[in-house]
Structure formats: C-alpha cells, structure tokens
Amino acid sequence: MNRARLFIPVALFVVLASFLYLGFTLRDPHELPSALIDKPFPDFDLPILGRPGERASLEDLVGERRLVNVWATWCPTCLAEHAELGRIAEETGISLVGINYKDDPHAASQWLTRHGDPYDFNIVDVAGDFGVELGVYGAPETFLLDADGIIRYKRVGDVNEGIWREELQPAMAALGPPP
C-alpha cells in the first residue's frame, strides 16, 4: 500500500508534463479561429455611414468577392493598416466594405475624409451587436467573402503588406478567378 503512494507524484508529474507538451506544440498561440469560416456571412440590416436613410444588408455583399474590414477611429492599428487596404482595393479591384465598429459615425466620417476612403461603403455598428454576431474580438478584423457571401478567411489584427502577400492573397487565389 505504501509503495502505491510513491507512484502518485510520478503519475501527476507525467499528466502535467503531457499537458505542457501539448500546449507548447500548438501551431500559433495567437491564432483566434473563427467558427464562421465556410459559413454564410450573417444577415444584417444596418445604416450606411454618410448616407442618411440608406441601409445595407447581406444582399449588398453577395455577387462578388469582398474584403469586409472591421475598423474604428479609436483604433490606432486601423490607421496603420488603412493605406494598405486602399492599395489592395486599388491594385486588385476587390470590393472593400467597412464595418465601423463601436464608434461615433460623425467622427468616422471625418476620419475617412482626413485619411481617404477606400471602402465601397461602410456599415455602422454603433453598439457592436453585429460585431458580436461576427465573433469580432476587436478592431481591426478582416473577412474574405466569396461571391456567394460565404466567409472563406478571417484575419484578426492588421492587414499589412506581409499579411496580404502571405495570407490574404493566397486565400483569394484559392477562390479562383473572379466571377
């Protein structure tokens, strides 16, 4: 009976070491997977920034591939990625739609006037409720939608030249030629 007690600490050590080993061998501890990959973009009916009385819905996103970028004026990383998003939209012709997240619409309009507006249109999500439906952790986040409105890729964090080249561009290429 006393000998069996000697093996308890050894067994606990083996279990703990196994959990630590598994934790250290995960691909990327910063990766935040999305449950929405390969699922339709959620339906919505929200105002369009700077267009009083106009609203956007999922129907406005279907029909061509799009990048949907969650951004805000209070987000310094959003400003850092802004020029790259403009370059991508200009050079590739892909449609870029913004979701202005938990922000003041007036401040957002002024921000776009000051820094340029690469978006086809911006959806206003003042309360952040739509962001919750999308599983948004914070701004910026970017979704790649296929022409059917299916989410094919999600990027948490900024889109810079390296991310474009190594992640987003290959994800777009995997969709095949534009319809």
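Since the structure is predicted, the reported quantities are computational estimates derived from the model, not experimental observations.

This next bit is on a negative patch on the surface. Taken together, D43, E59, D60, D129 and E133 make up a surface patch of like negative charges. For E59, the position within the fold is in the loop between β2 (55–57) and β3 (66–71). A relative accessible area of 69% means that E59 is categorised as exposed.

To continue, consider the pattern of salt bridges. Applying the stated criterion across every chain, the model contains 12 salt bridges. D120 is paired through a salt bridge with R66; the nearest N and O atoms lie 3.9 Å apart. Of this pair, D120 sits in the loop between α3 (105–115) and β5 (121–125) while R66 sits in strand β3, and the two are 54 residues apart along the sequence. The exposure class assigned to D120 is partly exposed, which follows from its relative accessible area of 42%. Between R155 and D158 there is a salt bridge whose closest N-O contact spans 3.9 Å. A relative accessible area of 16% places R155 in the buried class.

Let us look at the state of the cysteines. For the coordinates displayed, the defined rule picks out 1 disulfide. Two residues, C75 and C78, share a disulfide whose sulfurs are 2.5 Å apart. Its torsion about the S-S bond being 85°, the disulfide of C75 and C78 is classed as right-handed. Like C75, the residue C78 is buried in the burial classification.

What counts and what doesn't
- Residues numbered from 1 in each chain as written.
- Predicted model: local features only at pLDDT ≥ 70, side-chain atom pairs only at ≥ 80, totals over all residues.
- Heavy atoms only, no water.
- Patch = residues over 30% accessible without salt bridge, like charges linked within 9 Å, V, L, I, M, F, W, Y side chains within 5 Å.
- Areas by Shrake-Rupley, 256 points an atom, 1.4 Å probe, with all protein chains shown as cover.
- Salt bridge = Lys/Arg side-chain N within 4 Å of Asp/Glu carboxyl O.
- Lys, Arg positive; Asp, Glu negative; His and termini not counted.
- Charge placed at Lys NZ, Arg CZ, Asp CG, Glu CD.
- Helix = DSSP H or I, 4+ residues; strand = E, 2+ residues; numbered from the N terminus.
- Buried < 20%, exposed > 50% of the residue type's maximum accessible area, 1.4 Å probe, protein only.
- Disulfide = S-S within 2.5 Å.

Treat this as a map of the structure, not an account of what it does.
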